[in-house]
Amino acid sequence: MKKNKYFAGIIKDPGSTLKYKTYVWRDGLKPSWIKKNCTNCLTCFINCPDQAIKVDKDGNMAGHNLDYCKGCGICAQVCPAKPKAIVMKKE
Amino acid sequence: MTMKRVALTGNEAMALAMRQAKPDVFIGYPITPASDILSAIAKYVANGEMEAEFMTPESEHSVASALFGASSAGARSFTCTASQGLALMHEVLHIISGARLPIVISSSSRSLSSPINVHGDHADFMDMRDASFIQIFSENSQDSYDNFLQGVKIAESVRLPAIISSDGFITSHNLEPVEVLKDDEAYDFVGEFKPAYSILDIQNPITINPLSLPDSFMEIKKSQSDAMAFAKKEIIKTAKEYQKLSGREYGFFRPYKLKDAEIAIVVMGSTAETAQSVIDELRKKDVKAGILALRVFRPFPYLKIAEALKNCKAICIMDRSDGFSGHGGPLFVETSAALYDLKNKPKIISRIYGLGGREINEEMIKSVFEDIKKLSENKKVERYGYVGLKI
Ligand code: SF4
Ligand code: SF4
């Protein structure tokens, strides 16, 4: 029988989750941060279901981690800044 | 090799084979008509004749779940069940096969509720058609014993679970002479269990059953599918090895006077033996009749069945469960698919018999052959019907 590395879906290397980039779930749209509109309120950070909002060591909004952003658009929706500091754009 | 001839019921024969295969773990929950297997195992363990860890959790769902744990830790793990018990295990059966754990179930097939009925038919066995288990059916107690020993070897070599079943009560509770191997001969044949992986191997830690999304799920299923197809080779190889040891011949099915048969039945389980005397009688009247008694239901031996039936004019596929496809029994549907590629396809009909333990006797089988005869003469017969019905 041909060896198939997919036998039973067993994972031999620990920490493999890190290699799993969930951005493949995005379906055409990704968030784009407009820094000049941002008030650093971090509403986006609290609401992102995938912890894909980056925060720097001073506690400031630092853009998106697009490896794990699934493109749901919640951050753009909840951003209270006027005009918005996050908008959804085509990939 | 020295064979001992002993009187055993189908269940006792299976329990003996289970003891001889030396499982590390036996987990069970009693259910008619497979309870005798469990009590026999409990007795073996209590008498110190079997070293297995013996567990009796609160339900069959828990039995299957505990078996999953035991087998993934590298233990040879068995259970016995039937009917509602097997149905309650159903969710876990798919998880076991997906994780490629060669757990082996002994079963005495019984109808499924409702209405409630404790007697034999093949509804429970057919209910797990898609669970990716190797499925073997026995005609008698001797088969039950032989098939279980072979089943363990096949399952562990292809890394798929297996179920070995027989007709509830008819075979499971019927005392018959059975030729048995010595304990060490039987164990040497089955061999030591070499697990593909073990969650207790702390030198090589692994994650089992992780989330697998669209990027990997299909590849895992393909490897499972390949294993089932490959199992056909292992089944034949194992049968040949077993024949050397026991002198008894096994294959995907047991043909009876099928070589020159013009009309035939396809049937599974004890009814095949009942039908033999009908064939003998028909042969005396120069009717070329035969039987294909199916032994291996999964993997289904499509090509071999087509080869064996290709010269028949008309066939009846006899199912001991309905399957409720609205077209014919499950064995009928599979056999139809097997015959599809033949140039000269035999005519086929589906007959359902023996549900919930209803008697199936020679007269009834004769009536089936009368229908097949008519069919072979291009006369009109019912395509999908019940045998021995009171209405
Ligand atoms: S689009 Fe959704 S997942 Fe991506 S950063 Fe915004 S809230 Fe998080
Ligand atoms: S919610 Fe909008 S304004 Fe607040 S930190 Fe996020 S991007 Fe900046």
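About the thresholds
Residues numbered from 1 in each chain as written. Chains lettered and ligands numbered in written order. Predicted model: local features only at pLDDT ≥ 70, side-chain atom pairs only at ≥ 80, totals over all residues. Heavy atoms only, no water. Contact = heavy atoms within 4.5 Å. Buried area = accessible area lost by both parts, 1.4 Å probe. Salt bridge = Lys/Arg side-chain N within 4 Å of Asp/Glu carboxyl O. Polar contact = N/O pair within 3.5 Å; in protein donor to acceptor, adjacent residues only side chain to side chain. Phe/Tyr/Trp six-rings, centres within 6.5 Å; stacked < 30°, edge-to-face > 60°. Helix = DSSP H or I, 4+ residues; strand = E, 2+ residues; numbered from the N terminus. Buried < 20%, exposed > 50% of the residue type's maximum accessible area, 1.4 Å probe, protein only. Pairing = 2+ DSSP bridges. Axes fitted to C-alpha atoms, helices over the stretch in contact; angles between N-to-C directions. Core = buried A, V, L, I, M, F, W, Y, C linked by side-chain atoms within 4.5 Å. Domains from an automatic or database assignment. Near = heavy atom within 4 Å. Nonpolar A, V, L, I, M, F, W, Y, C, P; charged D, E, K, R; others polar. Patch = residues over 30% accessible without salt bridge, like charges linked within 9 Å, V, L, I, M, F, W, Y side chains within 5 Å. Areas by Shrake-Rupley, 256 points an atom, 1.4 Å probe, with all protein chains shown as cover. Parallel < 35°, antiparallel > 145°, perpendicular 65-115°, else oblique. Left-handed = near helix turned anticlockwise from the far one by under 90°. Expected span 1.5 Å × (residues − 1).

**Here we look at the interface of chain A and chain B**
- Each partner contributes residues to the interface: chain A has eleven residues there, and chain B has 20 residues.
- Buried surface at the junction of chain A and chain B, both sides included, amounts to about 1,400 Å², of which 72% is carbon and sulfur.
- At the boundary of chain A and chain B, one finds zero salt bridges.
- For the pair chain A and chain B, the number of links is one residue pair in polar contact (both at pLDDT 80 or more).

**Observations regarding the packing of aromatic side chains**
Residues and elements named next belong to chain B.
- If you walk through the whole model with that rule in mind, you get eight aromatic pairs over all chains.
- Between Phe125 and Phe137 the ring centres are 5.1 Å apart and the planes differ by 85 degrees, which places this aromatic pair in the edge-to-face class. Here Phe137 lies in strand β6 (residues 134–137) and Phe125 lies in helix α5 (residues 123–126), a separation of twelve residues in the sequence.
- On the accessibility criterion, Phe137 (2% relative accessible area) is buried.
- Judged by centre distance (5.1 Å) and plane angle (65 degrees), the rings of Phe189 and Tyr242 are edge-to-face. Separated by 53 residues along the polypeptide, Phe189 in helix α7 (residues 183–190) and Tyr242 in helix α8 (residues 217–246) bring together distant segments of the chain. Accessibility assignment for this pair places Phe189 and Tyr242 in one class, buried.
- What links up through ring pairs into an aromatic cluster is the set Phe125, Phe137, Phe297, Phe300 and Tyr302.

**Looking at the sheet that holds β6(B)**
All names here are of chain B.
- Spatial ordering of the open sheet is given by β3-β2-β4-β5-β7-β6-β12, a layout of seven strands whose pairing is mixed. The two strands at the open ends of the sheet, each matched to only one other strand, are β3 (53–55) and β12 (296–298). Taken pair by pair, the neighbouring strands of this sheet meet at an average axis angle of 20 degrees, ignoring direction.
- Bridge count between strand β2 (residues 25–27) and strand β4 (residues 77–81): two bridges; the pairing is parallel. Residue pairing in the sheet places Phe26 in a bridge with Phe78 of β4.

**Side note on the nonpolar core**
Residues and elements named next belong to chain B.
- The biggest cluster of nonpolar side chains holds 100 residues, and the ones touching the most others in it are Phe26, Ile134, Tyr145, Phe148, Leu149, Leu294 and Leu309.
- Both domains that meet at this core, namely domain 1 (3–246) and domain 2 (253–386), each give it at least three residues.
- Sequence-distant contacts of Tyr145, defined by excluding residues within four places in its chain, comprise Ala13, Leu16, Ala17, Gln20, Val178, Glu179, Val180, Leu181, Ala186 and Tyr242.
- Within the second largest apolar cluster, 27 residues are counted, among which are Val267, Val278, Ile279 and Cys316.

**What about the site of ligand 2?**
- Every one of the 14 residues lining ligand 2 counts as a neighbour, but Cys38(A), Cys41(A), Leu42(A), Cys44(A) and Cys79(A) are closest to it.
- Broken down by class, the residue content of the shell around ligand 2 amounts to eleven nonpolar, three polar and no charged.

**Overview of a nonpolar patch on the surface**
All names here are of chain B.
- Residues Phe324, Tyr386, Leu389 and Ile391 make up a contiguous nonpolar surface patch of about 530 Å² in total accessible area.
- Residue position: Ile391 is located in the segment after β15 (384–386).
- Under the relative-accessibility criterion, Ile391 is labelled exposed at 91%.

**Overview of the environment of Glu58(B)**
Residues and elements named next belong to chain B.
- For Glu58, the position within the fold is in the loop between β3 and α3 (60–72).
- By relative accessible area, Glu58 is classed as exposed at 61%.
- Residues Glu58 and Ser114, spaced 56 residues apart in sequence, show a C-alpha to C-alpha distance of 22 Å.
- A distance of 3.0 Å separates the side chain of Glu58 from the side chain of Ser62, its partner in a polar contact.

**Considerations on the site of ligand 1**
- Around ligand 1 sit 14 residues in total, of which Cys48(A), Cys69(A), Cys72(A), Gly73(A) and Cys75(A) are the nearest.
- Its residues assigned to classes, the shell around ligand 1 shows nine nonpolar, three polar and two charged.

**Details of the environment of Ala52(A)**
Residue and element names in this part refer to chain A.
- Note on placement: Ala52 falls in the loop between α1 (43–47) and β2 (53–55).
- C-alpha separation for the pair Ala52 and Tyr68, spaced 16 residues apart in sequence, amounts to 5.8 Å.
- In this structure, Ala52 is in contact with Gly63, His64, Asn65, Tyr68 and Cys69, ignoring residues within four places of it in sequence.

**Points about the domain arrangement of chain B**
Residues and elements named next belong to chain B.
- Examined at the domain level, chain B breaks down into domain 1 (3–246) and domain 2 (253–386).
- The straight-line distance from the C-alpha centre of domain 1 to that of domain 2 is 28 Å.
- Taken together, the contact pairs 29 residues of domain 1 with 25 residues of domain 2.
- Contact with domain 2 buries surface across domain 1, with Met126, Arg129 and Glu139 losing the most and accounting together for 30% of the total.
- Where domain 1 meets domain 2, there are three salt bridges.

**Examining the packing of helix α1 (residues 10–20) of chain B against helix α6 (residues 141–158) of chain B**
Residue and element names in this part refer to chain B.
- At a minimum axis distance of 8 Å, the contact between α1 and α6 shows a crossing angle of 25 degrees. Here α1 lies roughly parallel to α6, going by the angle between them. Viewed along their axes, α1 and α6 form a crossing whose handedness is right-handed. Of the residues in α6, those in contact with Gly10, Ala13, Met14, Leu16, Ala17, Met18 and Gln20 of α1 are Ser141, Ser144, Tyr145, Phe148 and Leu149.
- Across the contact of α1 with α6, the residue classes break down as eight nonpolar, four polar and no charged.

**Describing α6(B)**
Residue and element names in this part refer to chain B.
- Compared with an ideal rise of 1.5 Å per residue, which puts 18 residues at 26 Å, α6 spans 26 Å between its outermost C-alpha atoms and is within 8% of the ideal.
- The element α6 is extensively covered by neighbouring structure, given that 16 of its 18 residues are classed as buried.
- Taking the backbone nitrogen of Gln142 as reference, a side-chain oxygen 3.2 Å away marks Asn140 as the first, capping residue of α6.
- Arg159 occupies a position one or two residues after α6 and carries a positive phi of about 60 degrees.

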